Structure formats: C-alpha cells, structure tokens
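Residues per chain, in single letters:
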Amino acid sequence: PALPGEHDRLLAHLVLATPELREMVTRVQAAHVADGTGFSSSVLAALEDSCDSHAVVLMYRKSRKAPLESRMCSPARFVDRHQHLLVRCHVTGLPRRFRLNRIEQVHTLPDEPYRPLTDDEVREQLAGAVDGFRAPGDLVDVRFRLMGSPAEVGWMLEDLPEDLNVEDLEQGFLIHGQTGALQKLAAKLVTWGDVVRYDDEGLRAAAERVVAAAVAGLGRRGGLG
C-alpha cells in the first residue's frame, strides 16, 4: 500500500524509518487533507519534537480565512484521535487544544521554559470531550451500539472520543462511558443513521432534539424544494 505522505519525501522517510508512526501520521494527514489546507511534514516533525520537551510559538488560524496569529505554548500530546494538539497556553497558564489543520508554522523558543501539563490536567481535558468540546456541568452516562460488520462500522470507532469504552459484539460494537458533550455526541451519531442503537434515554432524547432542530431549520428555509 501507498505510504502516508508519499508525495512528501521527508514524511515518507519518517514512516519507513519508524513504522510505528504510520497510524499516527495517517490520522494527522487525514485531518489536514480533509480541510483542504495541505499537510506539512516539517510541522508534524516540529510538533513531535516539542511534545514534553520545549516551548514553541504556533502560527495558527482560527478558521481557514482568518489571519495567522501567534500562540506561545508548551505542547503536551496529540488528542481527539490526532485531530488536536493539547498544550499549556503561556498567556493564560491553562490547558488548551489547537486543531492540527490550523497550525501552519512552529517556531522553537529556546529561552522560554517548558511548562508541562500534569497527568490530572490531561485526564481532565480528555474526560467527556467530543471533538475537543465539553459543555459546563457534570459528566453524563451514555450507552449505544453500532450494528454491522467491522468493515461497515469499524471506522466509526476512530471518530469517537478516546475515553469511551468499546466492547465487541457478535455483530457490531457496544460503546459506553461518560461525556460532557451529550448534544455534540448525539449530533455525530445522527449522521450515521440506522446503524446506531440508542441504549439510554438521555442520548436518545438528545438525538431527537438534533433531528427536530434540523427539521425546523429546513422549515425556516422553505424546505428542500
């Protein structure tokens, strides 16, 4: 099979030299390419080198058309299935996520002390987050199934939060755990259609709200015709 990033000689060399990076590189590359912004192996290498090591300045866009802004931080790790970079912001002192496909440049700050995140801070950031989002308030229990063969629904597991539990079923998967982003999780599951089976009323009700809001939105716009 084609190597991730084989259009980029440096990236292809990294994967050949370190095969265990293949999965991570594929995920990061997919996040960049899907956004249409391209993929830079030099950015990936710089981020890998800086994690748990040294402070950097990220040149970052809040959106595709937004201007570049600088963010001084200490990178900690890739999270959300390698869609975001978890860092400590040097301005606020707090943990923060940055979308990988919005980072265009990375500059090392040799004179700025590295400020690591604690294990508790990392766990707190991961707990209950969906695509980097977590609503205020307590975590809630969720339980649902993805019905189908691994070839049909297995890819969906890669799009779910890292801290949800996954169990194999005879046909499909059982997913359960806690989330602080119930509505966002429900919105994701609704797009997967009838392969999803909702095993708790809170998640089912959230999915129904997503569908109702979509129908109302279509009504305000005069429908599809």
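Higher on the page you've got the structure.
Since we're looking at a predicted model, the values are computed, not measured.

Enquirer: Even after reading the chapter, I still don't get the packing of aromatic side chains, so can you show me in this structure?
Expert: What describes a pair of aromatic rings is the distance from one ring centre to the other and the angle between the planes of the rings. In this structure the tally under the stated criterion is two aromatic pairs. Plain terms: the ring middles of Y60 and F98 are 4.8 Å apart, the flat faces sit at 70° to each other, and that makes the pair edge-to-face. Residue Y60 is located in strand β1 (residues 56–60), and its partner F98 is located in strand β4 (residues 95–99); the two are separated by 38 residues in the primary sequence. Considering the side-chain rings of W155 and W192, the 5.9 Å spacing of their centres and the 75° angle between planes classify their relative orientation as edge-to-face. Of this pair, W155 sits in helix α5 (residues 150–157) while W192 sits in the loop between α6 (182–190) and β9 (196–198), placing them 37 residues apart in sequence. For W192, a relative accessible area of 11% gives the class buried.

Enquirer: Please clarify how the nonpolar core should be interpreted in this entry.
Expert: Proteins that are soluble and globular tend to have nonpolar side chains buried together. Ranked by size, the top nonpolar core spans 23 residues in total, and within it F144, L146, L160 and L189 carry the most contacts. When residues of this core are traced back to their parent elements, those giving at least two are β6 (140–146), α5, β8 (172–179), α6, β9 and α7 (201–220). When residues of this core are assigned to their parent elements, the largest contribution, four residues, is made by α7. Counting residues in hydrophobic clusters, the runner-up holds 15 residues, among them L47, L58, L100 and V106.

Enquirer: Sorry, what's going on with the pattern of salt bridges here?
Expert: Pairing of side chains with opposite charge becomes possible as their charged atoms draw close. With the rule as written, the count across this model stands at 11 salt bridges. Salt-bridge contacts for E162 lead to R77; the nearest nitrogen and oxygen are separated by 3.6 Å. Here E162, found in the loop between α5 and β7 (165–169), pairs with R77, found in strand β2 (residues 69–79); they are 85 residues apart in sequence, far enough to count as distant. With relative accessibility at 33%, the residue E162 sits in the partly exposed group.

Enquirer: Help me understand α6, please; the structure alone is not making it clear to me.
Expert: The periodicity of an α-helix, 3.6 residues per turn, causes residues three or four places apart in sequence to face the same way. Turning to α6, its buried residues are L185, A186, K188 and L189. Around the axis of α6, the buried residues are gathered within 160° of arc, so they sit on the same side.

Enquirer: When you look at α5 in this model, what are you seeing that I'm missing?
Expert: Inspection of α5 places V153, G154, M156 and L157 among the buried residues, and these make up the whole buried set. Looking down the long axis of α5, one finds its buried residues gathered within 150° of arc, a one-sided arrangement.

Enquirer: Got a minute to help me understand the environment of L94 in this structure?
Expert: Locating L94 in the fold gives a position in the loop between β3 (84–89) and β4. For the pair L94 and C73, spaced 21 residues apart in sequence, the C-alpha to C-alpha distance is 9.7 Å. Filtering out sequence-adjacent residues up to four positions away, L94 remains in contact with V87, R88 and C89.

Enquirer: Can you help me understand the side chain of D200 in this one?
Expert: Mapped onto the secondary structure, D200 falls in the loop between β9 and α7. It is R143 that comes nearest to the buried, bridge-free D200 among opposite-charge side chains, at 7.3 Å. Looking at D200, its side chain comes within polar contact range of the main-chain nitrogen of G202, at 3.3 Å. Not counting residues within four places of it along the chain, the set of residues in contact with D200 comprises D141, V142 and R143.

Criteria and cut-off values
Residue positions are counted from 1 within each chain, in the order its sequence is given. Note on the predicted model: pLDDT of at least 70 is required for a residue's local features to be given, and 80 or more for side-chain atom pairs to be given and counted; whole-chain, interface and lining totals, by contrast, use all residues. Water and hydrogen atoms were dropped before computing side-chain values, which therefore reflect all heavy atoms in the structure. Between rings of Phe, Tyr and Trp, where Trp is taken as its six-membered ring, a pair exists when centres lie within 6.5 Å; planes separated by under 30 degrees are stacked, by over 60 edge-to-face, and by other angles tilted. In this text, helices come from DSSP runs of H or I with a minimum length of four residues, and strands from runs of E with a minimum of two, each type numbered from the N-terminal end. Three labels apply to residues, based on accessible area from a 1.4 Å probe with only protein chains included: buried if under 20% of the type maximum, exposed if over 50%, partly exposed otherwise in between. In plain words, nonpolar cores are sets of buried Ala, Val, Leu, Ile, Met, Phe, Trp, Tyr and Cys residues tied together by side-chain atoms within 4.5 Å. We count a salt bridge whenever a side-chain nitrogen from Lys or Arg sits within 4 Å of a carboxyl oxygen from Asp or Glu. The reported arc concerns the directions from the helix axis to the C-beta atoms and nothing else. Two residues qualify as a contact provided that any one of their heavy atoms is within 4.5 Å of a heavy atom in the partner residue. Lys and Arg are tallied as positive, Asp and Glu as negative. Neither His nor the chain termini are counted. Polar contacts, as counted here, are pairs of nitrogen or oxygen atoms within 3.5 Å of one another; within protein the pair requires one atom able to donate a hydrogen and one able to accept it, and residues that are adjacent in sequence qualify only if both atoms are side-chain atoms.

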